[in-house]
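One letter stands for each residue in the lines below.
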Amino acid sequence: MTWVGMLIALAGALGYALGAALQQYEVVAEGASLSLVRRPRWWVGGVISFTGACLHAVALSFAPLVAVQPISVATLVFAVPLAAFMYGRRPYRAEIFGSIAVAVGLLWLMLLVPAHDVTPRLGDGTALAFIAVIGAVTLVSQLFARRVHGANKALLLSVGAGVMTASVSTFVRVVGGGMQGDWGRLIHWFSLAVPVLLICAVVLLQRSYAVGYFGIAYAGVQVIDPITSVLAGAILLGEPLPTSPSTAVPALLAAALTIGGTITLGRLAPDHTAKPAAAPPPAEQAVTPAPVDASAAPRPSTATSDLG
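Residues numbered from 1 in each chain as written. Predicted model: local features only at pLDDT ≥ 70, side-chain atom pairs only at ≥ 80, totals over all residues. Heavy atoms only, no water.

## Some points on the side chain of Thr228
Filter applied, for reference: Under the scheme used here, helices are H or I runs from DSSP no shorter than 4 residues and strands are E runs no shorter than 2 residues, and both carry numbers assigned from the N terminus. The contact criterion used throughout is that any non-hydrogen atoms of two residues lie within 4.5 Å.
Among the structural elements, Thr228 can be located in helix α9 (residues 214-236). With residues up to four places along the chain from it excluded, the contact list for Thr228 reads Ile134, Val163 and Ala166.

## Considerations on the packing of helix α8 (residues 189-210) against α9
Worth spelling out the cut-off: Only the stretch in contact is used when fitting a helix axis, every axis being a line fitted to C-alpha atoms; angles between N-to-C directions are given from 0 to 180 degrees. The cut-offs work like this: below 35 degrees is roughly parallel, past 145 is roughly antiparallel, 65 to 115 is roughly perpendicular, and the gaps in between are oblique. In the scheme used here, Gly and all other residues not listed as nonpolar or charged are polar, with Ala, Val, Leu, Ile, Met, Phe, Trp, Tyr, Cys and Pro taken as nonpolar and Asp, Glu, Lys and Arg as charged.
Here α8 crosses α9 at 150°, and the two axes come no closer than 8 Å. Overall, the two elements α8 and α9 adopt an arrangement that is roughly antiparallel. Between α8 and α9, the contacting residues are Leu205, Ser208 and Tyr209 on the first element and Phe214, Ala217, Tyr218 and Val221 on the second. Across the contact of α8 with α9, the residue classes tally to 6 nonpolar, 1 polar and no charged.

## Things to note about the packing of aromatic side chains
Threshold: Only centres within 6.5 Å qualify two rings of Phe, Tyr or Trp (six-membered ring in Trp) as a pair; their planes then separate them into stacked at under 30 degrees, edge-to-face at over 60, and tilted for everything else. Relative accessibility under 20% of the residue-type maximum defines a buried residue, over 50% an exposed one, and the middle range a partly exposed one, all with a 1.4 Å probe and only protein chains included.
Under the definition given, this model contains 5 aromatic pairs. Relative to Trp43, the ring of Trp42 has its centre 5.3 Å away and its plane inclined at 80°; by these criteria the two rings are edge-to-face. With a relative accessible area of 12%, Trp42 lands in the buried category. Ring plane angle 75° and centroid distance 4.6 Å describe the contact between Trp189 and Phe190, whose orientation is recorded as edge-to-face. Owing to a relative accessible area of 29%, Trp189 belongs among the partly exposed residues under this scheme. Following the ring pairs from residue to residue traces out a cluster consisting of Phe130, Phe171, Trp189 and Phe190.

## Comments concerning the pattern of salt bridges
We count it as follows: Salt bridges are identified by distance alone: a Lys or Arg side-chain nitrogen within 4 Å of an Asp or Glu carboxyl oxygen.
Taken as a whole and assessed by the stated rule, the structure comprises 2 salt bridges. The salt bridge partner of Arg41 is Glu26, with a shortest N-O separation of 3.5 Å. Of this pair, Arg41 sits in helix α2 (residues 40-59) while Glu26 sits in helix α1 (residues 2-30), and the two are 15 residues apart along the sequence. For Arg41, a relative accessible area of 36% gives the class partly exposed. A cluster of three or more residues bridged by salt bridges with shared partners is formed by Glu26, Arg39 and Arg41.

## Focus: the nonpolar core
As a reminder, the rule being used: Buried Ala, Val, Leu, Ile, Met, Phe, Trp, Tyr and Cys residues that are joined via side-chain atoms within 4.5 Å together make up what is termed a nonpolar core.
Counting residues in hydrophobic clusters, the biggest one holds 50 residues, and the most contacted among them are Leu76, Leu122, Phe171, Phe190, Tyr209, Phe214 and Tyr218. Among the elements of the structure, α1, α4 (75-86), α5 (93-112), α6 (124-145), α7 (150-179), α8, α9 and α10 (245-266) are those that each provide at least two residues to this core. Counting residues per element, this core draws most heavily on α8, which supplies 8 residues. Every residue in contact with Tyr209, bar those within four places of it in the chain, is listed here: Ala20, Gln23, Gln24, Val27, Val28, Phe214, Ala217 and Tyr218. In this structure, Ala145, Ala154, Leu157 and Ile216 belong to the second largest nonpolar core, which totals 7 residues.

## Remarks on the confidence of the model for the protein
Threshold: pLDDT measures the predictor's confidence residue by residue and takes values from 0 up to 100.
Residues of the protein with pLDDT of at least 70 account for 73%, and the chain-wide mean is 75. In the model, residues 301-308 has pLDDT below 50 throughout and makes 0 contacts with residues more than four positions away in sequence or in other chains.

Encoded structure:
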């Protein structure tokens, strides 16, 4: 059944990537505002992304996390070429190499994380402190994003979207992993926090798309989300990290590969849906009549006709 789960996860990754590309195309055209609700393509992208996320959840019921999670990380390899297709161009060579580097680096990191099958527990006080830290990181990233432009702005905005998405994953892990067949455990404020954090994550993600650097925005979220999730699992839930020499050094190499791919994507020009307006035609020069020399003008005849 593992292969079934992996195939479902692959379909979900492709769907999530297509939905992200569709939404980014609309956000660049319309801006990250409520007017997006009037864009049918934005809704289509959202539905496709949600379907991809649901397929990812289904895949986890057939295959272990260590087999499914690396496939979901590989969405970047799908998303960048799809975004290029949306703009009617071929993917840049740097986009291809950068997205592959990020996907391989993250996949490598995910495979190095030790397996851990213990019921997750999270206290109320610790959960509130976690939300406060996520909110502080998001706020700082948004404030710094106002002072920069281009790829740096897209990257900073993606940091906020990434940590917020990671908070959703953390609470889903706590709620879902702690159920153990008891549906009554869903009656908890953690279950209410998930949709609220998810809405915040979607808004922040659309803002990062609106800058126009899809590669850097999407890669930023794909990097920040799993790393933050792993750190939250290690610090809050007691999940192990690759700390032995045999895994720590490869983890550093994988992180370097991921960072290098992200930098490569960040150096690319942004995409735009509208073509630049054509330069207005040069204004016609006004023809100024030449001054008339009164002395040269013909004088009216002074002779009068004799009427006899």
